[in-house]
Amino acid sequence: MAAKKAKATNTVALSKDQFKDAIVKHLRSTCGTDEARANNQAWWKATCAAVNELVFERLTETSKANAEKDSRAVHYLSLEFLMGRLTVNNMHNVGVFGAARDALADLGKDVNDICDEEPDMALGNGGLGRLAACFIDSLATLNYPAVGYGIHYEHGLFRQEIQGGRQIERPDSWREYGNPWEICRPESIQEVPLYGYVETVFGEDGKMRKVWHAGRQIKGVPWDIPVVGYEAKTVNVLRLWESKAADFFDWDVFNAGGYIDSQSEKSQAEAVSKVLYPNDESEAGKELRLIQQYFFCACSLKDIIRRYKRNHSDFSQFSKQAVIQLNDTHPTVAIPELMRILIDEEGLVWDDAWAICKETFAYTNHTLLPEALEKWAVYLFEKVLPRHLEIIYEINRRFLEDEVEAKWPGNDEMKRHLSIIEEGETRMVRMAFLCVVTCFKTNGVAAMHSELVKEDLFPEFYELWPERFVNVTNGVTPRRWLLACNEQLANMYNETVGTDWPLKLDELKGAAKFADDAKFQKNFMAIKREKKVELADKIEELCGIKVSPDAMFNVLIKRLHEYKRQHLALLHILALYRRLLENPDYDMGPQVFIFGSKAAPGYKLAKDIIYAINKVADKVNNDPRIKDKLKVVFMPNYRVTLAEKLFPAGDVSLQISTAGYEASGTGNMKFALNGALTLGTMDGANVEIREEVGDENIFIFGMDCDEVKALKAAGYNPWDYYYGNPELKAVLDWLETDFFTPGAPGELASIKHSLLEGGDPYLVLADFESFTTQYTAVDVAYRDQKKWAKMAIINSASVGKFNSDRSIEDYVDRIWKLEKVMPN
Ligand code: NTF
C-alpha cells in the first residue's frame, strides 16, 4: 500500500504515519525483533527497509522502461565510487526525509542517531571516487539511462587512527554485518579468464583465428546498489563486481589431502576484490591491481553485451546503444577486451571491431602528475593477458604506420615518442596513449586543466585530432553537499529563493541581492556559527581539543600529497606561532587550523607531514603564552561522513596546490557553496570559482601556472628563499630542533630536507611569502564581520555552475548524446 502511494507522487511519497507503520513492520518482519528490544542497528535497518519499499519499485520501473525503449545508455567504468552513507541521501531523494524524521521521533528515536549506525561506503580514495558518486546521483536525478560499474571491495579505504601523532591504518569492513542497500544478482554472474597462452588456428575456410587458452577462471558476482534520483522517477544501478573462485571444486586435490590447496585457489580468486588500493595516484607494477582492472572491465563488458543482445542480433548498432566512459586510465584494458570479444568471439574483422571501439569509448583524464599516468610492464601483460597484449601491439602498429606516418612522414623519433609501447630496459604499455588513440573524446575536468591536457600532456595527439579534446568542468551534488549536510542553510534558501535550488542551483543567485542586508547577514552568520559549534563539539569528542566557534576556522581537507602542500599551511602556522611568542600582542584574530587527510600507507613524507601537524598541534594547543589565539587540529579518519560536518563549518577554504598540479578540486566547490571563502592558488577549478564569485570575494596568492613553469625553466633554487626570508629560515630550522618533539630532535626534519636538499619540487618555499601575506589580508577581512558576511553570502549564492547536474549535461551534450527515458 505504501509503495502505491509513492507512484502517485514524486515528492511526498509517504506520510509520517505510513512511515511509522513501515518501520515497525520491518523491525518485526525484516529484523526479527520489535520496538521494545531493537537496538539502533535494527532501527536503522528497518528504516532502510521502509525506504527501500519505494526505491526498489522505482528501480524495477526504470529498468523496465530502459529495456522497452532500448535506449542509449552511458556506462561509467570506475575503479572507485566514494559513496559515503546512503540513508539520509536516499530519504531526501525519494522525498521522505521529513516523514522519516518525524516517524522516528514519534517512536522515540532521533533520526541522526539512527543514521549514525551506517558505515561509510568508502570504495574510493578521494576526488576521483567522490566525483563518480556525485555523477551517478546527477545522472539518476536528470533521468538519464546510466549504469555505474566498479568493484565490490570487501575492504574500502583504510580507517585512519592517530597514535602518538602518527597515522595507523586499520582495515575498513563496511559490510561486515550486511548492508541493506545492496542486492546480490546471481543471475548475472560472469566468468573471467586469466593467464594462459594464445594459439593461432586456421579454420576450414583457411582463415586465421586466435584462441586464448586461459590458465584460470574467476567468477564475478554482481551486487547492485540502487542510485536514487532526487525527486525523479529514475533509480539507476551501481553494479559492483565481487570475485569468487569459479564453480568447480578440485575433488582430486581434496581427496589427496590437499584441502589447503583447494582453499588457496578460493582465496586467490577472492583476493581480487578484497581491497581498494590506498594510493590515489597510481599503483603501477602490481599484478593484482592489473587483474582488478581487467576483472571489472571484463565483467562489465560482458554485462553490457548481454543486455545489448536482448534486442540486437549483430553489432552494427552497438556504439549507438552504448557509450563507455573510462574514469581515468584505470579501466583502459576494456579497450583491448572489447576488441578481443568482437574479433575472437563474435567473428568481426579488425576494421569493423576497431570502428566500434572508436565510437564507444571516451576517456576522462584526472591528473597531469607524471607518476600518476599509468604504465604497465609488457611482461606483466604478457603473463596475465597475453591476447590483449597482441591486440595492443596491433592497435599501435596501425596507429604508427598509418596515422603518425601520414602526419609526420619518415619521423622515427616521433613514432618512438607517440608509441603506445615505451621502449627501454623494461618495456611498458602507456595506458593514457591507448585511451587517446582509441577514444572519440578525451576530456579534462576543469577549464585550465583541459588546456594543459592539450598543450602539455598530449600536444601531438591534439595536433592529430583537435576535435577529440573537450573540457567538462567538475561539479558536486547540491543534494548531499548542501540540502542534506546543512539543513539550516538549506531552509534559509528555501525561504529566500524557493525550493527549486537543489535541482537548479543557479537560483541561489537570487540570494546575492541580500548580501548587504543586515538581517540576512545576521541569519547567515548565525547558521555558520551553529555549524561551527557542532564541529567544535565533534573536535572535542574526537581529539579532546577545545576550540572556540568565534575563532576563524581555516580548513584544509583532502588527500595528503606534496603538491597539495599541507606543509605550506604548516609553515604558516609555525610563522604565526613564532610571531605570537615573540610579541604576545601580535595583532591577529583567534584562529583555528583544521586538517583532515589520509596518506597512502607507503608515502613516507606524507606520513611525516601528518606527524608534524600533530606534534605542532600538541605544542601550540597547550602553550598558555599565546592565550588561545591559535589552535591546530588534525581530525582522524577523514571521510565523506566527516566531510559533511566540515564543509558547512569552514570560514576559510584552503586550496593551496602548486599552480598547474590540481586538475580541478571539488572540495573547493563544496566549501564555497556552504559560504566559506577560498584562499587559493590559480589552479584547477579555483580559477573558475574566482570567475563566478568575483575577484573581490576570493583570496588568490602565489605563482600562476606560467610563473611556475618559468621559474622551473630558469632553474629553481629553494635555498635562495631560505636565505632570503629570515622568518622562513627560522621556521624551517625549528623543525630540526626538539622543540616539538622533546628529547627527539630531527623527528620533523624530513620536511625541511625535502624542501631544501630535495629541491622542493612543488615550490612551497617560493610561494610562502605570498601565502603569509595574503593570510594577513584574510585575517583582517574576517575581523570585519559585516564585510565577511557579505563575501560569504556572495560565494554561496554564486557557485551554481558547480552543480554536478551541469557537469552531466555537459557530458551529455559534448560526449554522450543521451536522451532521457523516464519522464521528469
Ligand atoms: C583527482 N585525480 C584530481 O587530483 C582532482 O583535482 C580532481 O578534482 C579529481 O580527480 C576529480 O576530477 C585523481 O584522484 C587521480 F587519481 F587521477 F589522481
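Everything numeric in this text was worked out from a predicted model, so none of it was measured.

### What about the UniProt feature "modified residue: N6-(pyridoxal phosphate)lysine" (unreviewed entry) in the protein?
- The sites that UniProt annotates as "modified residue: N6-(pyridoxal phosphate)lysine" (unreviewed entry) are Lys 670.
- Summarising the element assignment, Lys 670 is placed in helix H27 (residues 667–673).
- Ignoring sequence-local partners within four residues, the contact set of Lys 670 consists of Arg 130, Val 476, Trp 481 and Phe 647.

### A few points about the sheet that holds strand E25 (residues 699–700)
- Spatial strand order, E22-E21-E20-E23-E24-E25: six strands in an open sheet with parallel pairing. Strands with a single pairing partner mark the edges of an open sheet, and in this sheet they are strand E22 (630–635) and E25.
- Sheet topology places strand E24 (residues 677–680) next to E25; two bridges connect them, and they run parallel. Across the sheet, residue Gly 680 finds its bridge partner in E25, namely Ile 700.
- Seen against the sheet, helix H34 (residues 785–798) touches strand E23 (652–655), E24 and E25 and runs at an angle of roughly 90° to E24.

### A word on the domain arrangement of the protein
- Each assigned domain of the protein is listed here: domain 1 (1–69 + 91–119), domain 2 (72–85 + 120–380 + 431–473) and domain 3 (531–802).
- Spacing between the C-alpha centres of domain 1 and domain 2 amounts to 32 Å.
- Taken together, the contacts link 21 residues of domain 1 with 25 residues of domain 2.
- Interface area lost by domain 1 to domain 2 is led by Leu 59, Asn 93 and Pro 119, which between them contribute 29%.
- The tally of links between domain 1 and domain 2 comes to one salt bridge.
- Close ionic contact of Asp 116 with Arg 85 constitutes a salt bridge, the shortest N to O distance being 2.8 Å.
- Our enumeration of links across domain 1 and domain 2 arrives at 10 residue pairs in polar contact (both at pLDDT 80 or more).
- For the side of domain 1 that touches domain 2, the secondary structure elements donating two or more residues are helix H3 (40–69) and helix H4 (87–94).
- Of the residues that constitute the side of domain 1 that touches domain 2, the class distribution is 10 nonpolar, seven polar and four charged.

### Points about the packing of aromatic side chains
- If you walk through the whole model with that rule in mind, you get 37 aromatic pairs.
- Measuring from centroid to centroid gives 5.9 Å for Phe 399 and Trp 465, while their planes differ by 40°, and the two rings are tilted. Of the two residues, Phe 399 sits in helix H15 (residues 386–407) while Trp 465 sits in the loop between helix H19 (459–464) and strand E19 (469–471), which places them 66 residues apart along the sequence.
- With a centroid separation of 5.0 Å and an interplanar angle of 70°, the aromatic rings of Phe 433 and Phe 461 are classed as edge-to-face. Of this pair, Phe 433 sits in helix H17 (residues 431–438) while Phe 461 sits in helix H19, and the two are 28 residues apart along the sequence. When sorted by exposure, Phe 433 lands in the same class as Phe 461, which is buried.
- Here the guanidinium or amino end of Arg 175 rests over the ring plane of Trp 223, the centre of that ring lying 4.6 Å away.
- Looking at Lys 598, its charged tip hangs above the ring of Phe 158, at a distance of 5.4 Å from the centre.

### What to know about the side chain of Thr 658
- Along the chain, Thr 658 falls in the loop between E23 and H27.
- Residue Thr 658 is classed as buried on the basis of its relative accessible area of 0%.
- Leaving out residues up to four positions away in the same chain, Thr 658 has contacts with Tyr 563, Arg 565, Asp 683, Val 708, Tyr 762 and Leu 763.

### Some thoughts on the pattern of salt bridges
- Evaluation of the coordinates by the stated rule reveals 67 salt bridges.
- The salt bridge involving Lys 790 is made with Asp 516; its shortest N-O contact spans 3.5 Å. One end of the pair, Lys 790, is in helix H34; the other, Asp 516, is in the loop between helix H22 (509–512) and helix H23 (518–543), and 274 residues separate them in sequence.
- Close ionic contact of Glu 540 with Lys 546 constitutes a salt bridge, the shortest N to O distance being 2.7 Å.
- Through salt bridges that share partners, Arg 185, Asp 224, Arg 239, Asp 303, Arg 306 and Arg 307 make up one connected network.

### Section: the packing of helix H10 (residues 287–309) against helix H12 (residues 334–345)
- Packing of H10 against H12 leaves a shortest axis separation of 9 Å and a crossing angle of 45°. Taken together, the axes of H10 and H12 lie oblique to each other. For the crossing formed where H10 meets H12, the hand is right-handed. Two secondary-structure elements touch here, H10 through Tyr 294, Cys 297, Ala 298, Leu 301 and Ile 305 and H12 through Ala 334, Glu 337, Leu 338, Arg 340 and Ile 341.

### A look at the confidence of the model for the protein
- Mean pLDDT over the protein works out to 95, with 97% of the residues at or above the 70 mark.
- Predicted confidence is poor over residues 1–11, with pLDDT under 50, and the contacts of this stretch with residues over four places away or in other chains come to 23 contacts.

Criteria and thresholds
- Residues numbered from 1 in each chain as written.
- Predicted model: local features only at pLDDT ≥ 70, side-chain atom pairs only at ≥ 80, totals over all residues.
- Heavy atoms only, no water.
- UniProt positions renumbered as here; feature names shortened; annotations may be inferred.
- Helix = DSSP H or I, 4+ residues; strand = E, 2+ residues; numbered from the N terminus.
- Contact = heavy atoms within 4.5 Å.
- Pairing = 2+ DSSP bridges.
- Axes fitted to C-alpha atoms, helices over the stretch in contact; angles between N-to-C directions.
- Domains from an automatic or database assignment.
- Buried area = accessible area lost by both parts, 1.4 Å probe.
- Salt bridge = Lys/Arg side-chain N within 4 Å of Asp/Glu carboxyl O.
- Polar contact = N/O pair within 3.5 Å; in protein donor to acceptor, adjacent residues only side chain to side chain.
- Nonpolar A, V, L, I, M, F, W, Y, C, P; charged D, E, K, R; others polar.
- Phe/Tyr/Trp six-rings, centres within 6.5 Å; stacked < 30°, edge-to-face > 60°.
- Buried < 20%, exposed > 50% of the residue type's maximum accessible area, 1.4 Å probe, protein only.
- Lys NZ or Arg CZ within 6 Å of the ring centre and 35° of its normal.
- Parallel < 35°, antiparallel > 145°, perpendicular 65-115°, else oblique.
- Left-handed = near helix turned anticlockwise from the far one by under 90°.
- pLDDT = per-residue confidence, 0-100.

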